[in-house]
Structure formats: structure tokens, C-alpha cells
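Spelled out from the first residue to the last, the chains are:
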Amino acid sequence: MTETPVPVLMYHSVATAPNDATRELSVAPEAFSEQMALIGDLGLAPVNTAALAACWRTGRPLPPRPVLVTFDDGYEGVHRHALPVLAKHGFAATLFVSTGWIRGAHDTGGGPDAMLDWDQVRELAATDVEIGGHSHTHPQLDQLDDETLRHELIHCKGIVADELGTVPASFAYPYGYSSRRVRTAVRETGYAQALAVGNDLARRRQGPYALRRVTVRRTTGIEEFERLVEGRAIARNFARDRALTKGYAMVRRARQVRRKAIRSRV
Ligand SMILES: [Zn+2]
């Protein structure tokens, strides 16, 4: 059994003009586009959450150099900006929705910025985007009593199943945090795997209900992003940073050469 660690990227909103509440955890559409192009240039293979967990559960091999692209909450920019980029590259991704934040029949009005509606979620689901659960109203799950906790998990799962016709298999903890009681409740609700946050690579030994993710922020530059997806610690030492920077310069040059080659062919 391979123990290859896998970078699981956590995005929130992709937006040109995010509001103050979501700014830090949003990325600009141009940055997202550049990041996906780099994933393609590096030859990484995006897979969705259920596929990663299934491979780790069964011992089936993962593609070489897997990476996960995940989005939390359900921001409108995932449809407007991220979907065309993902589709262009043919990349799989996962969207974790807080069902009470999605515009439409189940809206509790709590969405922090412009949110998706269910038609847009269905459009995403019709491509290679897995739709997972992220609770109904995005509370700190460990602070809830048992009954409210169960309601948050079951209601979210039921709404996704009703709206999409597919029962969600993956879950992401609001705020990236869980307790043992929360993990047990998530498992008993029927989710097969769940993602946390930990600024670490996901590893099989973390267990299917505590897989870690790394945060992509508005301030994440392309070189730091490359270190994240290459699975290297950030800024471990200057020499390594320099080597990586040079490495990305080479990737960029190779890309330019290839573009020129393509242009000269037409
Ligand atoms: Zn969230």
C-alpha cells in the first residue's frame, strides 16, 4: 500500500471583488487560472474526494501525482470563474456546500457573499465536480448539542440528495475543525469521508474522517502555490526557496517556448 501524501487544496470564493468577510480566503480569477495552468504544467492529476478516499480504502492505485481541488461553502464565483477553467483543463474538483447558504428553497439567508443557486450547483455536478456536504448553517459543529449536530448533518445530506438526485459521500467540517463526537456523527450520517484543515498533506494514516487540507489565500503567490502542490514545506530554507523559484522560472520558460511552437505551427 502506497503512503504517498496528497496535496488537498482548500479554496473558498473565486472573485474579482469579494466583500470584507470573504476577502482573505478568496482568490482572484486570474490567480486561480494561473494556479490550474501550473497544475497542468507540472503534470499533476486532479481527482475528487470520493476517488481519493476510495483508492485509500480499497488499495486501488491512485493516478501518479494526484492533487485535490476543493471549494467550501458554495460561492457564486465557483460557477462563474472556476468552472470554465476546470472544464478547459478537464480537472476534477469537489464543492462542499452549506445547504442553508445556497440561494433558493432552503436559503437561511446566512451566506457571507454572493452564493450559488441550485441550478448552478447542478451544472457543476454535471461536469467533473463532486458535490459534498458542509453542514446546513455552517456552525462550529463541536459546540452543538447532539440533536442539533445530527440535524445539521442529516438536513444537509437530505437537501443535496433531493436537489441533485445523488446522496453526497464526502463532507468538509465548517472551520476545518472536528472533535471525535463530530467525526462519529458524520460517519453515522452516512458520509464515507471528511476533510479537515491542517496545512499539511493528506495521508492515508490520518483516517478517512480527518484528511488534511492546505489553505489557498488571496495572498498565496504562484511560487508558494507551487511549493504547496509539490508537497514541500513553505519557506523551509532560503536555498530551497531559490531552487524552487528557479524551477518555476524554468516551467514558465518551457511554457513560453511551447506557446511559441504552437503559434508558429498555425
Ligand atoms: Zn466553510
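As a reminder, the structure under discussion sits directly above these lines.
Residues numbered from 1 in each chain as written. Predicted model: local features only at pLDDT ≥ 70, side-chain atom pairs only at ≥ 80, totals over all residues. Heavy atoms only, no water.

What about the overall build of the protein chain?
Part 1: Along the backbone of the protein chain there are eight helices and eight strands.
Part 2: Every one of the 266 residues in the protein chain was classed for burial, and the buried ones make up 49%.
Part 3: Within the protein chain, contacts between residues at least 6 apart in sequence are counted, and of these 64% link residues at least 24 apart.
Part 4: In the structure as shown, the protein chain presents an accessible area of about 12,300 Å², 51% of it carried by carbon and sulfur atoms. (Helix = DSSP H or I, 4+ residues; strand = E, 2+ residues; numbered from the N terminus. Buried < 20%, exposed > 50% of the residue type's maximum accessible area, 1.4 Å probe, protein only. Contact = heavy atoms within 4.5 Å. Areas by Shrake-Rupley, 256 points an atom, 1.4 Å probe, with all protein chains shown as cover.)

Notes on the coordination of the zinc ion
Part 1: Note on the zinc ion: its protein donors are Asp73 (OD), His134 (NE2) and His138 (NE2). The metal-donor distances range over 2.0 to 2.1 Å.
Part 2: In the primary structure, the donors to the zinc ion are separated according to the pattern D-x60-H-x3-H. Taken together, the residues span a long stretch of sequence, with aspartate 73 in strand β3 (residues 66-73) and histidine 134 in the loop between β5 (129-133) and α5 (146-164) at a distance of 61 residues. Take aspartate 73 and histidine 134: they sit in the same class, and that class is buried. (Donors = N, O, S within 2.8 Å, 3.2 Å for Na, K, Ca; no water.)

Describing unusual backbone geometry
Part 1: A positive phi angle, near 55°, is found at arginine 65, a position not held by glycine.
Part 2: The backbone phi angle of histidine 138 is positive, close to 65°, even though this residue is not glycine.

Some remarks on the pairing of β3
Part 1: Buried residues dominate β3, accounting for eight of its eight residues.
Part 2: The pairing of strand β1 (residues 8-11) with β3 spans four bridges and is parallel. When the sheet's bridge partners are listed, methionine 10 is paired in β3 with threonine 70.
Part 3: Of the strand pairs in this sheet, strand β2 (residues 45-46) and β3 are connected by two bridges, and their pairing is parallel. For proline 46, the partnering residue across the bridge sits in β3 and is valine 67.
Part 4: Where the polypeptide runs from β3 across helix α3 (residues 76-89) and back to strand β4 (residues 93-97), its parallel neighbour, the crossover connection is right-handed. (Pairing = 2+ DSSP bridges. Right-handed = clockwise from strand over helix to strand, strands pointing away.)

A short note on the nonpolar core
Part 1: Judged by nonpolar contacts, the single largest core of 37 residues is most densely connected at Tyr11, Phe32, Ile39, Phe71 and Leu86.
Part 2: Leu144, Leu149, Phe171 and Tyr191 belong to the second-largest nonpolar core, a separate cluster that totals 14 residues. (Core = buried A, V, L, I, M, F, W, Y, C linked by side-chain atoms within 4.5 Å.)

With respect to the pairing of β1
The two faces of the sheet receive side chains in turn, since in a regular strand these alternate between them.
Part 1: Side chains of β1 alternate between two faces, with Val8 and Met10 and Leu9 and Tyr11 buried alike.
Part 2: The pairing of β1 with strand β8 (residues 214-215) spans two bridges and is classified as parallel. Paired with leucine 9 across the two strands is valine 214, which belongs to β8.

Geometry only, nothing functional implied.
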